[in-house]
2 protein chains.
Amino acid sequence: MASAEAVFRSWNNERAIFTRKLEGIPDSLGTAVNIQEMVFGNRTPRSATGVYFTRDKVTGIKHDILDGTVLFQAQGEDVVAGIRNSLPIEALRDHADPAFHAIYEELKATGEKLEHKCRDMQDTEFTIEEVNGVPTLYFLQIRDGKRSAKAESVIAYNLVKEGILTKEEAICKVNPERFEELLFPQIEPKDRKAATMIAKGSAASPGAACGKVCFTQDEALAAKAAKEDAILVTVMTSQEDVKGMKASRGILTTTGTKVSHAAIMATAWGIPAVVGASEITIDKAAGTFSCNGHTIKRGDYITISGTTGEVYLGKVPMTVPSKLEESAQAILDWCQEIKSLDVRANAEAAETQPAFNKGARGVGLFRTEHMFLGDRLPYIQKVLFGNDKDEAKKALEAIYQFSKDDFKHSMSVMDGYGVTIRLLDAPLHEFFPHNSGLKQEENPMLGHRSVRMAITNPEIPEMQIKAILDAAAELIKEGKHPKPEIEIPLVIIAPEVKAILEIAVKVAAQVKKEQGFAVPYALGTMVETPAAAISGSEIVPALRAKVAGYDDDVHPVYGFASFGTNDLTQTTLAISRDDADRFLPLYVDKEFFERHPFISIHPAVEKMVRTFVADARAIDPKFEIFICGEHGGDVYTIGRLHEIGLTGVSMSPGKVYRSIIKAAQCQVQHPRKSVK
Amino acid sequence: MASAEAVFRSWNNERAIFTRKLEGIPDSLGTAVNIQEMVFGNRTPRSATGVYFTRDKVTGIKHDILDGTVLFQAQGEDVVAGIRNSLPIEALRDHADPAFHAIYEELKATGEKLEHKCRDMQDTEFTIEEVNGVPTLYFLQIRDGKRSAKAESVIAYNLVKEGILTKEEAICKVNPERFEELLFPQIEPKDRKAATMIAKGSAASPGAACGKVCFTQDEALAAKAAKEDAILVTVMTSQEDVKGMKASRGILTTTGTKVSHAAIMATAWGIPAVVGASEITIDKAAGTFSCNGHTIKRGDYITISGTTGEVYLGKVPMTVPSKLEESAQAILDWCQEIKSLDVRANAEAAETQPAFNKGARGVGLFRTEHMFLGDRLPYIQKVLFGNDKDEAKKALEAIYQFSKDDFKHSMSVMDGYGVTIRLLDAPLHEFFPHNSGLKQEENPMLGHRSVRMAITNPEIPEMQIKAILDAAAELIKEGKHPKPEIEIPLVIIAPEVKAILEIAVKVAAQVKKEQGFAVPYALGTMVETPAAAISGSEIVPALRAKVAGYDDDVHPVYGFASFGTNDLTQTTLAISRDDADRFLPLYVDKEFFERHPFISIHPAVEKMVRTFVADARAIDPKFEIFICGEHGGDVYTIGRLHEIGLTGVSMSPGKVYRSIIKAAQCQVQHPRKSVK
């Protein structure tokens, strides 16, 4: 049998793996390699070429039978290119020529050794060639094997159980971004093959979905009402389509990219979506869409895979795991223990329990404006635009009531963990009554909203803070430990903080009077404008200031800040995400950005974050700082934020898994003390 | 005669002026003051009270006759309040009782002394009271006298000629913001003759004004909000009317004198005013005023001349003085010599010569999008939205031609000085053809415009740069010394600079080939986004980079940057100026901002500026940095920028005077080396 020195030769870009020393395999691997004698695999009938994985790349299981294929009298390229139909690798074991049986055993034994040395499942390429009349095994290449999301956790978990890896090493083997796929509806490979694919777009929000084609919000809502599954098929989506989108099983758009409204919102809600399927032409009048020779009518079934971007005709079978398997849950638990970054979720009342179940500990962003969808919209319209003061007052009371119920539910689920409730934050026009005649702002992003509206309409933050503290008071009386955190959006200057602090303290004093005890709460600010980012030395003290004439215990117990990196990116780069489609794709194509700035934190935004953190921590080394923009669920960004020293990250529930795993990986690779 | 110790007693808020030592007037002035014996001015018929200025507060001239008024047997308040009609101060000189003649001479002699000690024109308040049967002069108060803009330069200039002040001291006596009043509208004698004069009062604050009659502060504010000119017509004004007065084009009162509230304040603000027009009777209930047989209704137009005290019916033509008087021009010339900040103007072709005449040396911002108004609009529409490629090409050629002509004119006027020409910078929708059906951007401020459009439509910057360099080439051949500076708007990242640099170098090489010589030019960037402001260390080197394959002499000869503080303020504070009306006034009222952020640079924006300047100057201590936002003509901001070390400021031509003067004052008060 040839020595290992002689056989490892063509690893192309895979040389890095050879820096690991293999026992019984020479140390010279990984250093410059001499020119080797050529092996062919097709010289004689007793030669062969093949590939095999040391474990099953789909299930992750270590079978007795190797996971591989072989081709007799063939070269490596033939196997990879699929030009000839290769045989299952058992063909060696079962071969009439017993010389091949020994080689099969040798493959298994070497696989075992390689796994121990490389400390991972291996994907190998080999050639068998007659040397002095004896079929002899040559390894051409080995590398860590590519595997399914499922196999990833199974292998990592088993390698720990087998004593090959520590927990810390094992969690670093898992791709955080793929972990969520473990619970998504999936189309099995066999079903994919059998299905008719009719179009392909961008894989915008993972998972598969099947339903009836709907072209409008109303159709989707009607389908939902009739307990039918809908796939919303449209050119693009906007804020106006939110109800219809949420009512759908899946979303399919003919334009847009992974950062369009449809993609962002679908990901946030965990609804499978395919966007930018440009082969599709919608004919609304006819109630059809067509693509590649197919014409699909309203109400016809289609199936989409947001994991692959594919669109299929009819109902394609899907499978949905109900919970994580043992190995995956173990990986997640280890990550929870290891990480030093807090991981919270951006969640309103309905999403809080599912987020907790996924592992989120705390709510990093409760968007109170999301309360005003549907039936609740008229209430806020009466407050903001009504002419009848009594009606406005009544509406405010109604809002107080359902707000309190929602806040209470979230704080109850997250008992003992912080629940950050952001004061109303929406551009005014989102609440405009239809045909109100009110003038749309030129640049609503930079207009009258958020804390600006709280200051022009102080009755709204007053009511919201009352609802928050009353909800907490009820929970305290039930023996719970609510941690309400009141958050001010769009702050630019310290006087805004002061104005809201005064309202909070006044309301807290009233609550204390009514309840007979003070309700502890925190007060924090979003950092989503450049002005705020560079003014930490004024804004942080404002959060911790005392309001004259009030007891200490009606003041916030701590201050905090949370980066809203969506808006911070928009203002820092002067790019409106809604309008970016006209030039941003070109910028990305030209590689003007190293990473898409609305997906991964841009260096200029990172500088803003660093400036604020430095200023805040200079005042208070334990000042709690979070991120709650979409970047909070991006693995590149989490890495940067871990290093910068954030307290925690918060993201849509759909990205909680990846964030827990990435945070733990960061801690393994760059250990830091918890910032609390 | 009473000693000076005994007479200075009630100076309220004016005590600071007494820190200057007065020769023959005791040193104890300015320190804590003992309780003094009261003087009344109304005890006996031989007592009096009066005020006088040591020079004429309207013309600045030092007359033989004092500029003042006197009231016999009266108290100081009676003079100021205008309750009784006071006499010209010559009444003392011409009095039947010769005791008053001596007092008149004493007033003149003391005025002379006070001017030498205080080194400025003085406004004095005095009382005459019998002491042992002898009318004796008491000074109640002195202070630097308020004066018209014209008097300001005349006095400052004369004080230098009289050897009392140095040039440096003299220029600091001039209020930069009022200098422009010297060229305020006036009514020509022939127009005066043709007009119908309906009343006459005192010429209280110079300049002519025409507007609609308003009787209250609210009416004046409403008129201003409706962008209409208002003339506030009222019996008298008080501190409560300040907002309405400021909102008016002119002020007309039926009572009062040149020392009444209306006169003093209007003079200070540079608002034309006529006071004491006693022929006028106001009937507020009817909403009219009447005089000499005329009845003028609320909303009717009138014209007033604060220079002559006349009130005219309707709109009377007004003319603007064509040049400064000798004293003012001398002050301006001194400032030009003294200042270290460059002062340029924001000007297109038509405004360049007037800006040069005012003293601007260089154009800091030539907005090329301003070329596309009126008849020229269809050209750019064909380029941006047309479907016919041939038509678009023809349109581009036409734009090239008139662009070149405009650029050539400006560079010719500013021969030897830099002319910064900004590449096309306008939100796309500003060029939308009417009813184009094109979708308005959600936030055009943050949309597809500026360098983003240059990158998606490179034929536009290519044409513009060709026009700039060809214009410069023509001037060079005419023996001139053009200094074209090509400016990139809305930069956020270095690759944008690189993309435009490559276009510029390519075009410069083509021009060199066509002309037989290289045309020197500079390349610079606007700094109007937070991303650019904090990325100087990447953007500055990008401006100075070399493009491979091109000669050195087709590269920019230097790089520069200019702060667009309008947009930088909008993005840093996340406030759209267009939409700010819904909350910014409240913020200003509540004093959330120390200064209005769209008038004077906000501290957060100043931090951005400092960051960029520090990064840029670390790379090149002589890197040229300007400001060309409206803040460039704000005196507070100029003070900050002088200190930060900007190369120069650029502003609308209307503010060139104030900027030259303020820049010189900064240099006197905080000397620095020129940054060039």
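Conventions adopted
Residues numbered from 1 in each chain as written. Chains lettered and ligands numbered in written order. Predicted model: local features only at pLDDT ≥ 70, side-chain atom pairs only at ≥ 80, totals over all residues. Heavy atoms only, no water. Helix = DSSP H or I, 4+ residues; strand = E, 2+ residues; numbered from the N terminus. Rg over C-alpha atoms; globule rule 2.2 N^0.38 Å. Buried < 20%, exposed > 50% of the residue type's maximum accessible area, 1.4 Å probe, protein only. Contact = heavy atoms within 4.5 Å. Areas by Shrake-Rupley, 256 points an atom, 1.4 Å probe, with all protein chains shown as cover. Axes fitted to C-alpha atoms, helices over the stretch in contact; angles between N-to-C directions. Parallel < 35°, antiparallel > 145°, perpendicular 65-115°, else oblique. Left-handed = near helix turned anticlockwise from the far one by under 90°. Nonpolar A, V, L, I, M, F, W, Y, C, P; charged D, E, K, R; others polar. Buried area = accessible area lost by both parts, 1.4 Å probe. Salt bridge = Lys/Arg side-chain N within 4 Å of Asp/Glu carboxyl O. Polar contact = N/O pair within 3.5 Å; in protein donor to acceptor, adjacent residues only side chain to side chain. Phe/Tyr/Trp six-rings, centres within 6.5 Å; stacked < 30°, edge-to-face > 60°. Lys NZ or Arg CZ within 6 Å of the ring centre and 35° of its normal. Core = buried A, V, L, I, M, F, W, Y, C linked by side-chain atoms within 4.5 Å. Expected span 1.5 Å × (residues − 1). Pairing = 2+ DSSP bridges. Arc of directions from axis to C-beta. pLDDT = per-residue confidence, 0-100.

(A) Quick peek at the overall build of chain A. When helices and strands are counted, chain A shows 24 helices and 24 strands. Computed over its C-alpha atoms, the radius of gyration of chain A comes to 29 Å, within 12% of the 26 Å expected for a compact globule of 676 residues. Evaluated residue by residue, chain A yields a buried proportion of 57% over its 676 residues. Taking the intrachain contacts of chain A between residues at least 6 apart in sequence as the baseline, contacts between residues at least 24 apart amount to 69%. Of the roughly 27500 Å² that chain A leaves accessible, carbon and sulfur atoms contribute 50%.

(B) A look at the packing of helix α13 (residues 377-385) of chain A against helix α14 (residues 389-413) of chain A. All names here are of chain A. Interhelical geometry of α13 versus α14 gives an angle of 135° and a closest axis separation of 8 Å. As summarised for this structure, α13 and α14 are arranged oblique, according to the angle between their axes. As for how α13 packs across α14, the hand of that crossing is left-handed. Across from Tyr379, Ile380, Lys382 and Val383 in α13, the residues of α14 making contact are Glu391, Ala392, Ala395, Leu396, Ala398, Ile399 and Phe402. Grouping the constituent residues of the contact of α13 with α14 by class yields nine nonpolar, no polar and two charged.

(C) Representation of the interface of chain B and chain A. Opposite the 46 residues of chain B that make contact, chain A presents 46 residues. The junction of chain B with chain A conceals about 4200 Å² of combined surface from both sides, 63% of it contributed by carbon and sulfur atoms. Among the residues chain B hides against chain A, the three largest losses belong to Leu446, Arg582 and Phe592 of chain B. Together they make up 16% of the total. At the junction of chain B with chain A, the criterion picks out two salt bridges. Across the pair Arg582 of chain A and Glu441 of chain B runs a salt bridge whose closest N-O atoms are separated by 3.4 Å. At the boundary of chain B with chain A, the tally comes to 22 residue pairs in polar contact (both at pLDDT 80 or more).

(D) The packing of helix α23 (residues 635-644) of chain A against helix α24 (residues 656-669) of chain A, seen in detail. All names here are of chain A. Interaxial distance between α23 and α24 falls to 9 Å at its minimum, and their mutual angle equals 45°. Our classification of the angle between α23 and α24 gives oblique. Like other packed secondary-structure pairs, α23 and α24 cross with a definite hand, here right-handed. Taking contact as the criterion, the partners of Val635, Ile638, Gly639 and His642 in α23 are, on α24, Arg658, Ser659, Lys662, Ala663, Cys666 and Gln667.

(E) Region of interest: the side chain of Thr529 of chain B. Relative to the helices and strands, Thr529 of chain B resides in the loop between β21 (522-527) and α18 (530-533). When its relative accessible area of 0% is taken as the criterion, Thr529 of chain B is described as buried. Polar contacts involving the side chain of Thr529 of chain B include one to the main-chain carbonyl oxygen of Val491 of chain B, which spans 2.9 Å. In terms of polar contacts, Thr529 of chain B uses its side chain to reach the backbone amide nitrogen of Ala532 of chain B, at 3.1 Å. In this view, Thr529 of chain B contacts Thr572 and Ala574 of chain A together with Leu490, Val491, Ile492, Leu568 and Thr571 of chain B; residues no more than four positions away in its chain are not counted.

(F) Representation of the packing of aromatic side chains in the model. Residue and element names in this part refer to chain A. By the definition in use, this model includes 25 aromatic pairs over all chains. Through pairs of rings, three or more aromatic residues link up here, namely Phe372, Tyr379, Phe402 and Phe431. Between Lys315 and the ring centre of Tyr301, over which it is positioned, the NZ or CZ distance is 4.3 Å.

(G) Highlighting the nonpolar core. Among the nonpolar cores identified, the biggest contains 267 residues, and Phe179, Leu469, Phe563 and Leu646 of chain A together with Phe179, Phe563 and Leu646 of chain B are the most heavily contacted of them. Non-local contacts of Phe563 of chain A, meaning those with residues more than four positions away in its chain, are made with Val527, Leu568, Val609, Phe612, Val613, Ile625, Phe626, Ile627, Cys628, Gly629 and Leu646 of chain A.

(H) Structural view of helix α4 (residues 99-118) of chain B. All names here are of chain B. Taking 1.5 Å per residue as the helical rise, α4 with its 20 residues ought to reach 28 Å, and the 28 Å between its terminal C-alpha atoms agrees with that figure. Buried residues belonging to α4 abut β1 (48-53), β2 (67-72), α3 (90-93), β4 (122-131) and β5 (134-144). With its phi angle positive at about 55°, Arg119 sits one or two positions after the end of α4.

(I) The sheet that holds strand β14 (residues 294-297) of chain B, seen in detail. Residue and element names in this part refer to chain B. Read across the open sheet, the three strands follow the order β12-β13-β14; overall the sheet is antiparallel. This sheet does not close on itself; its edge strands, each paired only once, are β12 (281-283) and β14. Going from strand to strand, the sheet's axes swing by 20° on average, the running direction of each strand aside. The pairing of strand β13 (residues 288-291) with β14 spans four bridges and is classified as antiparallel. Each residue of the ladder has a partner; that of Phe289, found in β14, is Ile296.

(J) Looking closely at helix α12 (residues 349-358) of chain B. All names here are of chain B. Listing the buried residues of α12 in full gives Ala349, Thr352 and Ala355. In a view along the axis of α12, the buried residues occupy a sector of 95°, so they form one face of it. The exposed residues of α12 that point more than 90 degrees off its buried face are Ala350 and Asn357. Of the surrounding elements, those touching the buried residues of α12 are β17 (342-346), β18 (363-367) and α14 (389-413). Backbone geometry just downstream of α12 places Gly359 in the positive-phi region, at approximately 120°.

(K) Representation of the pattern of salt bridges within the structure. Residue and element names in this part refer to chain A. On inspection of all chains with the given rule, the structure shows 89 salt bridges over all chains. Arg55 serves as the salt-bridge partner of Glu115, at 2.8 Å between the closest nitrogen and oxygen. Taken together, the positions of Glu115 in helix α4 (residues 99-118) and Arg55 in the loop between β1 (48-53) and β2 (67-72) put the pair 60 residues apart, joining distant regions of the chain. Through salt bridges with shared partners, one network takes in Glu369, Arg422, Asp425, Arg449 and Asp567.

(L) Region of interest: the pairing of strand β16 (residues 310-313) of chain B. Residue and element names in this part refer to chain B. With three bridges joining them, strand β6 (residues 197-200) and β16 adopt antiparallel strand pairing. Looking across to β16, one finds that Met197 is bridged to Tyr312. Relative to β16, strand β15 (residues 301-305) runs antiparallel, the two sharing four bridges. Across the sheet, the residue bridging to Ser305 is Glu310, located in β16.

(M) View of the sheet that holds strand β10 (residues 250-253) of chain B. All names here are of chain B. Overall, mixed pairing links the eight strands, which are arranged β6-β16-β15-β8-β9-β10-β11-β7 in an open sheet. Two strands lie at the open edges of the sheet, namely β6 and β7 (202-205), each paired on one side alone. When the angles between neighbouring strand axes are averaged without regard to direction, this sheet yields 30°.

(N) Up close: the confidence of the model for chain A. All names here are of chain A. For chain A, the average pLDDT comes to 89, and 92% of its residues sit at 70 or higher. Within the model, pLDDT remains below 50 along residues 1-35, and this stretch shows 58 contacts once partners closer than five positions in the same chain are excluded. The ipTM for the predicted assembly is 0.79, set against a pTM of 0.81.

(O) Highlighting unusual backbone geometry. Despite not being glycine, Asn292 of chain A has its phi angle at roughly 45°, a positive value. Its place among the elements puts Asn292 of chain A in the loop between β13 (288-291) and β14 (294-297). A positive phi angle, near 55°, is found at Ala574 of chain B, a position not held by glycine. Along the chain, Ala574 of chain B falls in the loop between α20 (565-573) and α21 (584-589). Take Ala574 of chain B: its relative accessible area is 1%, and that puts it in the buried class.

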